[in-house]
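What follows is the residue order along each chain.
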Amino acid sequence: MLSNYHLILASNSPRRKELLSGLGLDFEVCVIPGIDESYPAGCPPAEIPGYLARKKAAAYLPSMKDNDLIITADTVVILDNDILEKPGSRDEAIHMLQRLSGRSHEVVTGVAVTTRRRQTAFSVTSSVDFAALTGEEIRHYVDTFQPYDKAGAYGIQEWIGYIGVQGIRGSFHNVMGLPVQRLYRELKKMDGEVPDFLNI
């Protein structure tokens, strides 16, 4: 699939790399450092991941080759209409997990699939139900797994997911950071087309 394209994953996330690898596609990881990830004040939380995925893609456009196909993504955790971003400290991670404990929250991932001539962008939402967590469980997870690179201070594929997640409505892989089933469908659409750079 996509033999006419040079597929690029524009993310440092090991989880996104793992998930995209699971589709059996050849791709390269390429990341431009320092991309501005700010968003307009008042932007609805569920729309922020899609906005940022498109904004990240725009940073790659000037250096893209005709056959490049770049995947950019952004994931947020939303609770009470608040965005829980990556924690900046142990105390912040513990506080986030205390807020999530015993409650349901949403995980939204925005994805942009971009070539020099077109872009497909979409967002996928999953709802996650957490059981009540003890302070000891939360501290053990934070100290052992140090989830400072994860939105909401947790990775569902880690210990906290095994003992804390009671249920999910939607894509498990979306909660990990990349909705690969939806992404596969969108890539198949592009694979069925003759790329503009091959048209004569």
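Since the model is a prediction, treat every value here as computed from it, not as a measurement. (Residues numbered from 1 in each chain as written. Predicted model: local features only at pLDDT ≥ 70, side-chain atom pairs only at ≥ 80, totals over all residues. Heavy atoms only, no water.)

Caption draft 1: Quick peek at the environment of K188. Within the secondary structure, K188 sits in helix α7 (residues 180–191). Since its relative accessible area comes to 46%, K188 is described here as partly exposed. Note: C-alpha distance between K188 and M1 (187 residues apart in sequence) is 7.5 Å. (Helix = DSSP H or I, 4+ residues; strand = E, 2+ residues; numbered from the N terminus. Buried < 20%, exposed > 50% of the residue type's maximum accessible area, 1.4 Å probe, protein only.)

Caption draft 2: Focus on the packing of aromatic side chains. On inspection of all chains with the given rule, the structure shows two aromatic pairs. Ring geometry for F130 and Y154: centres 5.0 Å apart, planes at 75 degrees, overall edge-to-face. Here F130, found in strand β6 (residues 119–130), pairs with Y154, found in the loop between α4 (135–145) and α5 (159–164); they are 24 residues apart in sequence, far enough to count as distant. For the pair F130 and Y154, one class covers both residues: buried. Relative to F145, the ring of Y141 has its centre 5.2 Å away and its plane inclined at 25 degrees; by these criteria the two rings are stacked. Separated by four residues within a single helix, Y141 and F145 lie in helix α4, roughly one turn from each other. Note on Y141: relative accessible area 0%, which makes it buried. With a relative accessible area of 31%, F145 lands in the partly exposed category. (Phe/Tyr/Trp six-rings, centres within 6.5 Å; stacked < 30°, edge-to-face > 60°.)

Caption draft 3: The packing of helix α3 (residues 90–100) against α4, seen in detail. It is the contact of α3 with α4, at a shortest axis distance of 10 Å, that shows an interaxial angle of 135 degrees. By the criterion of interaxial angle, the relationship of α3 to α4 is oblique. Relative to α4, α3 is oriented so that their crossing is right-handed. Listed contacts from α4 to R90, A93, I94, L97 and Q98 of α3 are I138, R139, Y141, V142 and D143. When its residues are assigned to classes, the contact of α3 with α4 shows six nonpolar, one polar and three charged. (Axes fitted to C-alpha atoms, helices over the stretch in contact; angles between N-to-C directions. Parallel < 35°, antiparallel > 145°, perpendicular 65-115°, else oblique. Left-handed = near helix turned anticlockwise from the far one by under 90°. Contact = heavy atoms within 4.5 Å. Nonpolar A, V, L, I, M, F, W, Y, C, P; charged D, E, K, R; others polar.)

Caption draft 4: Quick look at the side chain of T115. Counting through the fold element by element, T115 comes out in the loop between β5 (104–114) and β6. Apart from the residues lying within four places of it in its own chain, the contact partners of T115 are Y5, L61, M64, D68, L69 and M190.

Caption draft 5: Inspection of helix α1 (residues 14–21) at higher detail. Those residues of α1 that fall on the buried side of the exposure criterion are R15, R16, L19 and L20. Axial view of α1: buried residues confined to an arc of 130 degrees, hence all on one face. Those residues of α1 that are buried are in contact with β1 (6–9), β3 (68–79), α6 (172–176) and α7. (Arc of directions from axis to C-beta.)

Caption draft 6: A look at unusual backbone geometry. Phi is positive for D80, close to 55 degrees, though the residue is something other than glycine. At A153, a residue that is not glycine, the phi angle is positive and equals roughly 65 degrees.

Caption draft 7: Up close: the side chain of T120. Summarising the element assignment, T120 is placed in strand β6. One polar contact links T120 to R118, side chain to side chain, over a distance of 2.8 Å. (Polar contact = N/O pair within 3.5 Å; in protein donor to acceptor, adjacent residues only side chain to side chain.)

Caption draft 8: Focus on α3. Taken residue by residue, α3 has A93, I94, M96, L97 and L100 as its buried positions. The buried residues of α3 all sit within an arc of 160 degrees when viewed along its axis, so they share a single face.

Caption draft 9: Examining the nonpolar core more closely. In terms of nonpolar packing, the biggest core is built from 42 residues, with L69, Y154 and L183 touching the most fellow members. The contacts of L69, once residues within four sequence positions are left out, are L2, Y5, H6, L7, I8, V113, T114, T115, L187 and M190. (Core = buried A, V, L, I, M, F, W, Y, C linked by side-chain atoms within 4.5 Å.)

Caption draft 10: Region of interest: the pairing of β5. Where burial is concerned, most of β5 is hidden: nine out of the 11 residues are buried. Examined bridge by bridge, β3 and β5 share nine bridges and lie antiparallel to one another. Within β5, the position partnered with V77 by the bridge is V107. Pairing of β5 with β6 involves 11 bridges; the strand directions are antiparallel. (Pairing = 2+ DSSP bridges.)

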